[in-house]
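Below, each chain spelled out in residue letters.
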Amino acid sequence: MKTERSPAKPLATLESAKERLLANVTPVGEEEDVELKSALGRVSAQPVKSDLAVPPFDNSAMDGYAVRTRDLSGSGPVRLEVSQRIPAGTHGQPLKSGTAARIFTGAPIPDGADAVVMQESCTVIGNQVEIEAEVGEGDHIRQTGNDITKGETIIPAGAVLRPQHLGLIASVGVGKLKLFRRLRVAILSTGDELVEPGEPIGPGQIYNSNRFTLLGGLVQLGCEVVDPVIVADTPQATEKALVEAAHSADLIITSGGVSVGEEDHVKKAIEKLGSLDLWQIAIKPGKPLAFGEIEGTPLFGLPGNPVSAFVTFILFTQPYIEKMQGIKRTSETMSRVRSNFNWLKPGFRREFVRVRLGEAGEDGVVKAELYPNQSSGVLTSLCWADGLAVIPENTRINRGELLTFIPFDGKR
């Protein structure tokens, strides 16, 4: 069986490369006021605190009858006069002894009442209600501040705001937030062989798929994409585009053209205008990764192969972007899946293989199916797959073994 030969020069590990990349990230830091309705997917720059308690008053957790539990002592059913009706949005009168109040979900508990009896446990007889169930003090009452106390921090700084966050913020009456401004990212595509989708294609040309994969990934991360256009394949045009990108963006991304051994205009222009490090990382796909800067603006040079560009974007560029955005990440989005395939060709690099999730086994762990063609040029595999299964270095995998899984739609 043919195995991959180890390189003469040791490659950087995934962990050491990420640690080195993330050690020198400078967050954007600039804040702006944003209306709550426009805050989805944005990053909180300051903690959000509540100026009130939620709920702001004791209220009914369901439709039923508000009662005084001491009126229900004794054995057998108890009949109480229904003295008032309290819908949500109104405030009832103090509850008189020996009476009950018809009450609805969310309505304030009247003074004197200390429990709510669900309507399913009651029988209405004229203007009276007969209660058969045992009722304890506090039953079916949502107490003041049960969810949020006054002065409590409900959203920390550095949180990515999801739909449920917006609802929580709205529940305490906050309509405007301090958020970090959106990160501006420039995508640089060069090469006479690249053609924009919708345009006629000539001999030896290909459509620029990487631009749109990266564009989609950046938009999904909440970034503002700056001038994602194809640059003329000349030294002058390349240098001009890089300088303009450095001035208008917080981060520049290129794909292809900056790997070891390549001598195109992009690599030369970056080295002339700034600095460029060419890294060899012990992962597959995506071994070559370039990182540098132009006039202080950081730059990622991703591999040109579509899958390699996608994988390195997930593993390196995405966490870098999140740190630039000011996101406070406590852990990475990973899980465990059970291999439904054999991997009998161990390599010296850690492999990230495209898999689709199937049914869960008897132990509740989901099984992962392997895409048959793991070539770094097969873009269809990324659409078929749900994520990447991680195969450790120098490791064979037998069907049924547990693997780390990185989903494509991981929570931000």
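Residues numbered from 1 in each chain as written. Predicted model: local features only at pLDDT ≥ 70, side-chain atom pairs only at ≥ 80, totals over all residues. Heavy atoms only, no water.

Engineer: How would you sum up the overall build of the protein chain? Please name residues and give values.
Structural biologist: Counting its secondary structure elements, the protein chain contains seven helices and 26 strands. By the compact-globule yardstick of 22 Å for 412 residues, the protein chain is too spread out, its C-alpha radius of gyration being 30 Å. When its C-alpha atoms are laid out on the principal axes, the protein chain stretches across 90 × 50 × 45 Å. The burial tally for the protein chain puts 45% of its 412 residues in the buried class. Long-range pairs, those at least 24 residues apart, make up 70% of the contacts in the protein chain with a sequence separation of at least 6. Carbon and sulfur atoms provide 49% of the accessible area of the protein chain, an area that totals close to 20600 Å². Taken together, the 44 basic and 51 acidic charged side chains of the protein chain have centroids lying 4 Å from each other. (Helix = DSSP H or I, 4+ residues; strand = E, 2+ residues; numbered from the N terminus. Rg over C-alpha atoms; globule rule 2.2 N^0.38 Å. Buried < 20%, exposed > 50% of the residue type's maximum accessible area, 1.4 Å probe, protein only. Contact = heavy atoms within 4.5 Å. Areas by Shrake-Rupley, 256 points an atom, 1.4 Å probe, with all protein chains shown as cover. Lys, Arg positive; Asp, Glu negative; His and termini not counted. Charge placed at Lys NZ, Arg CZ, Asp CG, Glu CD.)

Engineer: Describe unusual backbone geometry, and please don't skip the residues or the numbers.
Structural biologist: Note: most peptide bonds trans; most residues except glycine with negative phi. The omega torsion of the bond from V54 to P55 falls at -5 degrees, within 30 degrees of zero and hence cis. Along the chain, the position of P55 falls in the loop between strand 2 (48–49) and strand 3 (59–60). Backbone geometry at H140 places phi at a positive 60 degrees, although glycine is not the residue there. Look at E295: it is not a glycine, yet its phi comes out positive at around 50 degrees. Of the residues examined, E295 reaches a relative accessible area of 48% and is grouped as partly exposed.

Engineer: Outline the sheet that holds strand 7 (residues 115–118), listing residues and values.
Structural biologist: Taking strand neighbours across the sheet as the criterion, the six strands line up as 7-4-6-5-9-8 in an open arrangement whose pairing is mixed. Here the strands that pair on one side only, and so sit at the sheet edges, are strand 7 and strand 8 (122–125). Adjacent strand axes in the sheet meet at a mean angle of 40 degrees, parallel and antiparallel pairs treated alike. Strand direction decides the pairing type here: strand 4 (residues 64–67) and strand 6 (residues 99–103), joined by three bridges, are antiparallel. Within strand 6, the residue paired with G64 across the bridge is I103. (Pairing = 2+ DSSP bridges. Axes fitted to C-alpha atoms, helices over the stretch in contact; angles between N-to-C directions.)

Engineer: Lay out the side chain of T99 with the relevant residues and their values.
Structural biologist: Within the secondary structure, T99 is located in strand 6. The exposure class assigned to T99 is buried, which follows from its relative accessible area of 6%. Within the structure, the side chain of T99 is placed 2.7 Å from the backbone oxygen of K96, a separation counted as a polar contact. Once residues lying within four places of it in the same chain are set aside, the contact partners of T99 are A66, D71, L80, E81 and S83. (Polar contact = N/O pair within 3.5 Å; in protein donor to acceptor, adjacent residues only side chain to side chain.)

Engineer: Describe helix 3 (residues 209–220), and please don't skip the residues or the numbers.
Structural biologist: Between its first and last C-alpha, helix 3 extends 17 Å over 12 residues, near the 16 Å set by a 1.5 Å rise per residue. Looking one or two residues beyond helix 3, the residue adopting positive phi is G222, at roughly 85 degrees. (Expected span 1.5 Å × (residues − 1).)

Engineer: Report on the environment of D409, specifying residues and quantitative values.
Structural biologist: Tracing the backbone through its elements, the reader meets D409 in the segment after strand 26 (402–407). Each C-alpha atom of the pair D409 and G387 lies 8.0 Å from the other, and the pair is 22 residues apart in sequence.

Engineer: Describe the nonpolar core, listing the residues and the values that go with them.
Structural biologist: As a rule of thumb, nonpolar side chains are buried together in soluble globular proteins. Membership of the largest hydrophobic core comes to 37 residues, with the highest contact counts inside it found for I253, F300, F316 and F352. The set of elements that each furnish at least two residues to this core consists of helix 1 (14–23), strand 13 (184–190), helix 3, strand 17 (251–255), strand 20 (288–294), strand 21 (297–302), helix 6 (306–324) and strand 25 (387–391). Among the elements that take part in this core, helix 6 stands out by supplying 11 residues, more than any other. Among the nonpolar cores identified, the runner-up in size contains 18 residues, and A186, L242, A245 and V266 belong to it. (Core = buried A, V, L, I, M, F, W, Y, C linked by side-chain atoms within 4.5 Å.)

Engineer: Outline the pattern of salt bridges, listing residues and values.
Structural biologist: Following the criterion strictly, the structure yields 14 salt bridges and no others. One salt bridge connects R68 with D71, and the closest N-O pair in it is separated by 3.7 Å. Given a relative accessible area of 11%, R68 falls into the buried group. Residue class for D71 comes out buried when judged on its relative accessible area of 17%. Within this structure, E15, R350 and E393 form a network of salt bridges that share partners. (Salt bridge = Lys/Arg side-chain N within 4 Å of Asp/Glu carboxyl O.)

Engineer: Could you give an account of the packing of helix 1 against helix 6, naming the residues involved and the relevant values?
Structural biologist: Contact geometry of helix 1 with helix 6 gives a least axis separation of 10 Å together with a crossing angle of 30 degrees. For the element pair helix 1 / helix 6, the angle class is roughly parallel. Classified by chirality, the crossing of helix 6 by helix 1 is right-handed. Across the interface between the two elements, L14, A17, K18, L21 and L22 of helix 1 pack against L315, F316, P319, Y320 and K323 of helix 6. (Parallel < 35°, antiparallel > 145°, perpendicular 65-115°, else oblique. Left-handed = near helix turned anticlockwise from the far one by under 90°.)

In short, shape yes, function no, at least from these values alone.
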